[in-house]
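# Observations on the model geometry
Chain by chain, the residues run as shown.
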Amino acid sequence: MAVTRNADAVAPVRASGPITIWAVRHLGTSIAALGRLFRQPFSSLMIVLVIAVTLALPASINLVIQNARTLSGSWDNALDFSVFLQQDRSPGEAEALGKLLAQRADVEAVDIVTAEAALAEFKQQSGFGDALDQLTDNPLPHTLIVRPGGGNTGASISLLQEEIGNLPEVDFVQIDTDWVQRFHAILDIARQAIVIGAALLGLAIIVIIGNTIRLDIENRRDEIEVTKLLGASNAFVRRPFLWGGFWYGLFGGLMAVVLVLVGLHLLEEPVARLAGLYQSKVAITSLSLAEAAAIVGIGIFLGLFGSWLTAARHMRRIEPR
Amino acid sequence: MIQLENVSKRYPGGQEALSGLDLVVDKGEMVFVTGHSGAGKSTLLRLIALIERPTSGQVIVDNRNTRRVKRRKIPAYRREIGMVFQDHKLLYDRPVADNVALPLIIAGVRHRDALRRVRAALDQVGLLHKEKQNPETLSAGEQQRVGIARAIVTRPKLLIADEPTGNLDPDLSLEVMRIFRRFNEVGVTLLIASHDISLIDRLGCRRIALEEGRLQQEEDDSWL
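Here we come to the overall build of chain A. Tallying secondary structure elements over chain A gives eleven helices and four strands in all. Residues counted as buried form 25% of the 321 residues belonging to chain A. Across chain A, the fraction of contacts at a sequence separation of at least 24, relative to all contacts at a separation of at least 6, is 85%.

Below is the structure:
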């Protein structure tokens, strides 16, 4: 057999333009890494699932908080006022005032609780019945429970409160907003906790992907050594593992979005039923496109970062012997 | 092509693989390095491939002092040298053609060009008809020829081989050596470590004998 001496065989190795090489190499490596994922479908799916659950957890809790906030935001405007009349007002005056207030456009309903009824209720509920029997006067005033109309905003509620408070018969008006504010404070804490939790879970994803990539590197140690012997740079041998991390992150992120959407779908009916009980229309806020994209983006980022951390460390360590 | 000046290599633990070795291999030469195992043959090749660094002395390859090749530049340096190993070091998760193509992929050669080169290289070792097979299905001799095709596919000026016939029977060994000889005829410089002295004598090439890391004798076959 003669040595082939055609022009092709003698021509020196010529590389294409650097950008073309770069793009073609990346395309090839990314597809190869994807193929490797699909060749071990079960273990790949497991890892993708773990990443998906880890991403979906903070995302869904965040959604719950977001919905709770919207819901309680509407409560602000639908809170009943307790309007305490001055001590010396008669039940008749209370009733007249109640009727007057009920005619207002921004008021939906007015209930009257007379001093006697209030005392009776207090006796029953407080357990001080006997002690209260000793009282000669009823210390409680007549009270109007005013329910503002649904069309009110926070500002119009304040205005309504002020106007009622200025009426001559009224001693003072109390809106029980304290618990709403407390609820909001709790939501704020929960939101902070989610941020911290999400950071920890993100760390977990980096560790999971890093560990997966480390095993992958160990399994392909021979291949890495051989390619390095043939003149492959660290960047070259690292590339398939970075792509592996990328795919894990991408699929994990997409799967997380699917999990959240499925969860929302399952919640839709019970929430609708609950809303029906309250005769209100409560719609769940779903994932926005930007949020979904953010979940996938975070997945990809964590996947790349986790694999880069591991690959960078191990590639330097594995040298041909 | 290769020039060693007073090269010593001491491994951690104190054993000295090479001590004060001087050596010159000219361009276009085909030289064998012989000696018992542990004589320093492999170490010599590893110094040239920059898998190891010398403890002292200079190793100059193709007018380049390897001492000045920085760690980051080693991959580019290795791409200039063809390497053949006793255990072939093929990758068994891909067909023969992909194994041979590996150095071209690393070098970033265009796919179409790479394919042509791979076929040309396989043709030169007589294995073109097996390009789609997995190396596992090939005999030891064929696997070694795949390894050689991979070493020459980038057209290196220098080819080093560590016991390339170590696992082969005499007929296959001679076949492999004939392939090396043909490369030498088109101008490739070869440095081959081997202990198969009878085979080397049949080829009639220069022989460098190492013993305990030193030059034992140098037989110049200038009569060839």
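With 44 residues, helix 10 (residues 234–277) of chain A should cover 64 Å at 1.5 Å per step; its first-to-last C-alpha distance of 64 Å lies within 8% of that length. Of all the bends found along helix 10 of chain A, the most pronounced is centred on Glu268(A) and spans about 35°, while Pro270(A), a proline, follows it within four residues.

Many descriptions give the size of an interface as the accessible area lost when the pieces come together. Domain parsing of chain A yields domain 1 (28–74 + 182–317) and domain 2 (80–175). Each of domain 1 of chain A and domain 2 of chain A has a C-alpha centre, and these two points are 54 Å apart.

This next bit is on the interface of chain A and chain B. Taken together, the contact between chain A and chain B spans 21 residues of the former and 25 residues of the latter. Of all the secondary structure elements, the ones that give two or more residues to the side of chain A that touches chain B are helix 1 (7–10), helix 2 (18–39) and helix 9 (221–229) of chain A. When residues in the side of chain A that touches chain B are grouped by element, the largest group, four residues, is from helix 9 of chain A. Residues that form the side of chain A that touches chain B fall into these classes: 13 nonpolar, five polar and three charged.

Time to look at the confidence of the model for chain B. A residue-level look at chain B finds 96% of positions with pLDDT of 70 or above and a mean pLDDT of 87. In the predicted assembly, ipTM is 0.87 and pTM is 0.74.

To continue, consider the packing of helix 3 (residues 96–107) of chain B against helix 5 (residues 140–152) of chain B. All names here are of chain B. Relative to each other, helix 3 and helix 5 sit at 30°, their axes nearing to 7 Å. With respect to their mutual orientation, helix 3 and helix 5 come out roughly parallel. When you trace helix 3 past helix 5, the crossing you get is right-handed. Residues Val96, Asn99, Val100, Leu102 and Pro103 of helix 3 lie in contact with helix 5, whose contacting residues are Val146, Ala149 and Arg150. Across the contact of helix 3 with helix 5, the residue classes break down as six nonpolar, one polar and one charged.

Parameters and conventions
Here, residues in each chain are numbered from 1, in the same order as that chain's written sequence. All chains are assigned letters beginning with A, and all ligands numbers beginning with 1, in the order in which they are written. Local features in a predicted model are, by the rule used here, given only for residues with pLDDT of at least 70; side-chain atom pairs are given and counted only at 80 or more, and totals for whole chains, interfaces and linings are based on all residues. Think of it this way: any DSSP run of H or I at least four residues long counts as a helix, any run of E at least two long counts as a strand, and we number them from the N terminus. Three classes are used. A residue is buried when 20 or more other C-beta atoms lie within 10 Å of its own, exposed when 12 or fewer do, and partly exposed in between, with C-beta atoms placed from the backbone. Each residue is represented by a C-beta atom placed from its backbone, and any two residues with such atoms within 7 Å are regarded as in contact. For a helix, the expected span equals 1.5 Å multiplied by the number of residues minus one. Bend is computed residue by residue as the angle between axes fitted to the seven residues ending at the residue and the seven residues starting at it. How far each domain reaches was decided by an automatic or database domain assignment. Just so you know the grouping, Ala, Val, Leu, Ile, Met, Phe, Trp, Tyr, Cys and Pro go in nonpolar, Asp, Glu, Lys and Arg go in charged, and all remaining residues, Gly too, go in polar. Summary of the metric used: pLDDT quantifies the predictor's per-residue confidence within the range 0 to 100. Every axis in this analysis is a line fitted to C-alpha atoms, fitted for helices over the stretch in contact. Angles between the N-to-C directions lie between 0 and 180 degrees. Working definition: roughly parallel below 35 degrees, roughly antiparallel above 145 degrees, roughly perpendicular at 65 to 115 degrees, and oblique for all remaining angles. The handedness criterion is simple: a crossing whose near helix is rotated anticlockwise from the far helix by less than a right angle is left-handed, and one whose near helix is rotated clockwise is right-handed.

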